[in-house]
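Listed below are the residues making up each chain.
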Amino acid sequence: MHNPQLNKNGELQHLLTIEGLPKSNIIHILDTASSFVSIGDREVKKVPLMRGKSVFNLFFENSTRTRTTFEIASKRLSADVINLNIAASSSSKGESLLDTIDNLSAMHADMFVVRHAESGAPYLISKHLSDTGQSHVHVVNAGDGRHAHPTQGLLDMYTIRHYKKDFTNLTVAIVGDILHSRVARSDIHALTTLGVPEVRAIGPRTLLPSGLEQMGVRVFTDINKGLKDVDVIIMLRLQNERMSGALLPSAQEFFKSYGLTTERLALAKPDAIVMHPGPMNRGVEIESAVADGKQAVILPQVTFGIAVRMAVMSILAGN
Amino acid sequence: MHNPQLNKNGELQHLLTIEGLPKSNIIHILDTASSFVSIGDREVKKVPLMRGKSVFNLFFENSTRTRTTFEIASKRLSADVINLNIAASSSSKGESLLDTIDNLSAMHADMFVVRHAESGAPYLISKHLSDTGQSHVHVVNAGDGRHAHPTQGLLDMYTIRHYKKDFTNLTVAIVGDILHSRVARSDIHALTTLGVPEVRAIGPRTLLPSGLEQMGVRVFTDINKGLKDVDVIIMLRLQNERMSGALLPSAQEFFKSYGLTTERLALAKPDAIVMHPGPMNRGVEIESAVADGKQAVILPQVTFGIAVRMAVMSILAGN
Amino acid sequence: MHNPQLNKNGELQHLLTIEGLPKSNIIHILDTASSFVSIGDREVKKVPLMRGKSVFNLFFENSTRTRTTFEIASKRLSADVINLNIAASSSSKGESLLDTIDNLSAMHADMFVVRHAESGAPYLISKHLSDTGQSHVHVVNAGDGRHAHPTQGLLDMYTIRHYKKDFTNLTVAIVGDILHSRVARSDIHALTTLGVPEVRAIGPRTLLPSGLEQMGVRVFTDINKGLKDVDVIIMLRLQNERMSGALLPSAQEFFKSYGLTTERLALAKPDAIVMHPGPMNRGVEIESAVADGKQAVILPQVTFGIAVRMAVMSILAGN
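What you see is a predicted model, and the numbers here were worked out from it, not measured in a lab.

## Digging into the sheet that holds strand E2 (residues 80-85) of chain A
Residue and element names in this part refer to chain A. Judged by pairing direction, the sheet is parallel, and its 4 strands sit side by side in the order E2-E1-E3-E4 without closing on themselves. Lying at the two open borders of the sheet, with one neighbouring strand each, are E2 and strand E4 (138-144). Averaged over all pairs of adjacent strands, the angle between strand axes in this sheet comes to 15°, irrespective of strand direction. Here helix H12 (residues 298-318) sits on the sheet in contact with strand E1 (54-59), strand E3 (111-116) and E4, set at roughly 150° to E4.

Printed below as a string of structure tokens:
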């Protein structure tokens, strides 16, 4: 079956999801990203790889943090960036998503970075572009509903590779609200593809989706058992809007049962790393002492995230 | 009488309205735009014509779409663009329009792109700049009240010339809410100046302004008669806020009487083109089959719109 | 005691406040700014001093005007600017100020321009950066609470020096709501440091803070006495939100007692200059005839403000 994010030479045409993305494409992105990591330290943090290209940040759902990372990545590649907060614009004028896309595409867009509350919106856009003969325009999924957040997944893989070198002997635990997390979904697909032998999901039964076992994931509702001897801990953000919901008693309750404390971290391997996609709820899913501790690699994740996004964008623009 | 948008050599100093703009200036803009159309297809879509110039997008009325076209045009000319959503800023602090202009002008602005709900605001600004010895700053009207939307009018002319070559043997119909449309007004002035022998206005009596006949326009309330043998159909957007008003029964009613359907399109010449300034209300003023059909040139209008705005801005900056 | 805004060579590391800033640093900024004033008149208004640097405009409090001046200054220095309106973003997601700073810093930020409603926020940020080994990132205070607005103070000094040459023989009056004004505070520190022999504060008793005399300021509640023979008048903006408060009877009342009219201006020296940080409330703190009159240097203040901000940013980026 044809993978909609690859062109006929197997090169990346869009980045929509890590599910089904061949290992070689993932490795190529990570390798390309390493060459960009050092650019951040240079006097002049720019390369001319996308000079004169027009990148549109289409944020149908507000996310200043993610939008900022793509904006910086674009500018360091010398692209022209246009930020469109679509919630506040044409869609309120009753224009359809695909009419908006056609219009921006007619302005000679080169790339759409799409954030949308609906799962599948970036896929719909890429399909429309291909159906209407506009396949020179590239789509990057910057988070769609509960579905996927592939650049977050890739930067997590970059971070793990940076600290652990080899994926094939690791135990990785993902902790928290797995059910609503596109980050968890992207990470699980990436870890599996890269050959991680044991991926664990830890959380209360109400926040664990069905079907995890079929994806090759070991499920734990007891965090003390789940963290035993792991190499990597990926904490998930507990969404504020869930906290008052029926699925959870309270933020304090959650911290008591699933918060990553210094004591619990001691259950993992001594050199285990702690990751978090941010923004953190200190005292809800993670203790401040852990967030700021020596095993935390949360800020390096951010730094690598810029490099990974530069890699994805420059690879797409080159294909 | 002195035309406030021309300097004493008859060159464009500001673009405020198409009314009274000499034919030679219009032709010069269209000719300059053709040289920019091809830039969109280049690997590096930039020319250095406005490098180091400061363009301020002053949007006193929100319009993401129009703001985006000017932002892209500016960036492709290598200008520095600063977006100011004025509704949300100083004017809420009680500062007057002209104080805001003086302040931005003191920051060495080179060009103001102005969108305002009040008719005449861009003219007021240009007059103030000239009265206070700041005539090196240029003003582009990006839509003022019901008055004018000259760059839309110019891109419409570019589109017609592209497909029809010669203006002097055409019949052009403008359909819909003529009364509230600055696009209609700008188009009528442009078509007349360029020598189009027959311009028609089609709409319900409540949405037709008085004085059309004096402008040389033939008025039709029956769309089936009005579309007969026309070469160009310009559909107007029906503003949401009008739909529930007293002037119109309902959107469905409007579509029944004035919507452009496949059947009605067949009344026009077989090679007639269909235009729309966007964003479209599919099923209100235009049927989807027509909007996506072979005679529609709605997306090329968008493409030409960038080139026309680049032309206007670079001509102004050069004078 | 160590001055947190200077590095160990006494060079500017951050610009947090004018209080305690050595005279030599102030003079260095003003001298550097003069070299930038002429850039505004050039054909290409850009210098490559900050090419490839990433400047983040962190506005925790909305201020389009100040944000615009820093955005223009950054672009004319060829920096990449990212505007973050933080009120509307992560802080609503419950992320702490310092976590936001750490994240942006991990994206290889070079400079934070910070506007915050809380006094001391920029200092807190600079201290955190230094405590966590990130002192290569520079902080510019763009206004914090009632505390300081150092770039406004510096551009006021630039303006006074431009028109009066020598500070050591001047009488300067600051008029209006001294109590709530960070501009007044910054100006008083700057004027004192630069050797102005007489600084006056004029306002109603309810809007005069205690401790002015200890800062070497002469206090007047009668404007007619306070303006007598002054060389420089700095009018302050009366905040809308104060006008309906208990501290003041009404805007009309204020104008009657403290508004700068043509008659009152005549009490000052004949060559006195009139300054205002903007945006002005015409008819509240200043009469229109004065604001637009020959002695007003309010628009030159704006022009010099861009040059002063370019000076501050380029000096910081160079250290």
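The structure having been displayed, the exposition proceeds.
## Details of the pairing of strand E5 (residues 171-175) of chain B
Residues and elements named next belong to chain B. With 5 of 5 residues buried, E5 is to be regarded as a mostly interior element. Taking every second residue as pointing to the same face, both faces of E5 are buried, with Thr 171, Ala 173 and Val 175 on one and Val 172 and Ile 174 on the other. Both E5 and strand E6 (residues 198-202) contribute to a ladder of 5 bridges, which runs parallel. Counterpart to Ala 173 in the pairing with E6 is Arg 200. Considered for its hand, the β-α-β crossover made up of E5, helix H6 (residues 182-193) and E6 is right-handed.

## What about the interface of chain C and chain A?
Counting residues at the interface gives 24 residues for chain C and 26 residues for chain A. Around 2,200 Å² of area is buried between chain C and chain A when both sides are counted, 49% of it from carbon and sulfur atoms. Linking chain C to chain A there are 4 salt bridges. Residue Asp 99 of chain C pairs with Arg 282 of chain A through a salt bridge whose shortest N-O separation is 2.7 Å. Counting across the interface, chain C meets chain A through 11 residue pairs in polar contact (both at pLDDT 80 or more). For the side of chain C that touches chain A, the elements supplying multiple residues, two or more each, are strand E1 (54-59), strand E2 (80-85) and helix H3 (97-106) of chain C.

## Some remarks on the environment of Gln 295 of chain B
Residue and element names in this part refer to chain B. Inspection of the secondary structure assignment puts Gln 295 in the loop between helix H11 (288-291) and helix H12 (298-318). With 25 residues separating them in the primary sequence, Gln 295 and Pro 270 have C-alpha atoms 8.9 Å apart. If near-sequence neighbours (up to four positions away) are discounted, Gln 295 is found in contact with Leu 265, Lys 269, Pro 270, Asp 271, Ala 272, Ile 273 and Val 274. Of the polar contacts made by the side chain of Gln 295, one reaches the backbone oxygen of Pro 270; its length is 3.3 Å.

## Remarks on the relation of the copies chain B and chain A
Note on the identical chains: chain B maps onto chain A by a rotation of 120° and an axial translation of 0.0 Å, with an RMSD of 0.0 Å. What the superposition gives is, in effect, a three-fold axis relating one chain to the other.

## Observations concerning the interface of chain B and chain A
If you look at the interface, chain B gives 26 residues, while chain A gives 24 residues. The largest contributions to the chain B side of the interface with chain A come from Lys 45, Arg 65 and Leu 299 of chain B, which together make up 19% of the buried area. The interface formed by chain B and chain A holds 4 salt bridges in total. The salt bridge involving Glu 43 of chain B is made with Lys 53 of chain A; its shortest N-O contact spans 3.2 Å. Scanning the region where chain B abuts chain A turns up 11 residue pairs in polar contact (both at pLDDT 80 or more).

## So, the sheet that holds strand E5 (residues 171-175) of chain A
Residue and element names in this part refer to chain A. Taken in spatial order, the 5 strands make up an open sheet running E7-E6-E5-E8-E9, and their pairing is parallel. The outermost strands of the open sheet, each flanked by one partner alone, are strand E7 (217-220) and strand E9 (273-275). Averaged over all pairs of adjacent strands, the angle between their axes in this sheet comes to 20°, without regard to strand direction. Note: strand E6 (residues 198-202) against E7, 4 bridges, orientation parallel. Bridging across to E7, Ala 201 finds its partner in Val 219. Strands in contact with helix H5 (residues 150-164) are strand E8 (232-235) and E9; relative to E9, the strand with the most contacts, it is inclined by about 165°.

## Examining the pattern of salt bridges
Following the criterion strictly, the structure yields 48 salt bridges over all chains and no others. Put simply, Arg 115 of chain C and Glu 61 of chain C hold a salt bridge, and the shortest N to O gap is 3.1 Å. One end of the pair, Arg 115 of chain C, is in strand E3 (residues 111-116); the other, Glu 61 of chain C, is in the loop between E1 and helix H2 (64-76), and 54 residues separate them in sequence. Exposure remark for Glu 61 of chain C: the relative accessible area of 25% places this residue in the partly exposed category. A cluster of three or more residues bridged by salt bridges with shared partners is formed by Glu 61, Arg 115 and Arg 182 of chain A.

## Looking at the pairing of strand E5 (residues 171-175) of chain C
Pairing of E5 of chain C with strand E8 (residues 232-235) of chain C involves 4 bridges; the strand directions are parallel. Within the sheet, the bridge partner assigned to Val 172 of chain C lies in E8 of chain C and is Val 232 of chain C.

## A word on unusual backbone geometry
Note that the residue after Gly 278 of chain A, namely Pro 279 of chain A, is joined by a cis bond; omega there is -10°. Looking at the element boundaries, Pro 279 of chain A is found in the loop between E9 and helix H11 (288-291). Although it is not a glycine, Lys 165 of chain A adopts a positive phi angle of roughly 65°. In this structure, Lys 165 of chain A sits in the loop between H5 and E5. Of note, the phi angle at Ser 78 of chain B is positive, near 70°, even though the residue is not glycine. Residue placement: Ser 78 of chain B occurs in the loop between helix H2 (64-76) and strand E2 (80-85).

## Observations regarding the packing of aromatic side chains
Taken as a whole and judged by the stated rule, the model has 9 aromatic pairs over all chains. Where Tyr 158 of chain A meets Phe 304 of chain A, the ring centres are 4.8 Å apart and the plane angle is 50°; that geometry is what we call tilted. Of this pair, Tyr 158 of chain A sits in helix H5 while Phe 304 of chain A sits in helix H12, placing them 146 residues apart in sequence. We classify Phe 304 of chain A as buried; its relative accessible area is 7%. Its end group placed over the ring of Phe 70 of chain B, Arg 309 of chain B keeps NZ or CZ at 5.0 Å from the ring centre.

## Quick look at the packing of helix H5 (residues 150-164) of chain B against H12 of chain B
Residues and elements named next belong to chain B. Packing of H5 against H12 leaves a shortest axis separation of 8 Å and a crossing angle of 120°. In terms of orientation, H5 lies oblique with respect to H12. Handedness of the H5/H12 crossing: right-handed. Each of Thr 151, Gln 152, Leu 154, Leu 155, Asp 156, Tyr 158, Thr 159, His 162 and Tyr 163 in H5 lies in contact with H12, whose residues at this interface are Pro 300, Gln 301, Phe 304, Gly 305, Val 308, Arg 309 and Val 312. The residue inventory of the contact of H5 with H12, partitioned by class, reads 8 nonpolar, 6 polar and 2 charged.

Rules used throughout
- Residues numbered from 1 in each chain as written.
- Chains lettered and ligands numbered in written order.
- Predicted model: local features only at pLDDT ≥ 70, side-chain atom pairs only at ≥ 80, totals over all residues.
- Heavy atoms only, no water.
- Pairing = 2+ DSSP bridges.
- Helix = DSSP H or I, 4+ residues; strand = E, 2+ residues; numbered from the N terminus.
- Axes fitted to C-alpha atoms, helices over the stretch in contact; angles between N-to-C directions.
- Contact = heavy atoms within 4.5 Å.
- Buried < 20%, exposed > 50% of the residue type's maximum accessible area, 1.4 Å probe, protein only.
- Right-handed = clockwise from strand over helix to strand, strands pointing away.
- Buried area = accessible area lost by both parts, 1.4 Å probe.
- Salt bridge = Lys/Arg side-chain N within 4 Å of Asp/Glu carboxyl O.
- Polar contact = N/O pair within 3.5 Å; in protein donor to acceptor, adjacent residues only side chain to side chain.
- Least-squares fit on C-alpha atoms with pLDDT ≥ 70 in both.
- Phe/Tyr/Trp six-rings, centres within 6.5 Å; stacked < 30°, edge-to-face > 60°.
- Lys NZ or Arg CZ within 6 Å of the ring centre and 35° of its normal.
- Parallel < 35°, antiparallel > 145°, perpendicular 65-115°, else oblique.
- Left-handed = near helix turned anticlockwise from the far one by under 90°.
- Nonpolar A, V, L, I, M, F, W, Y, C, P; charged D, E, K, R; others polar.

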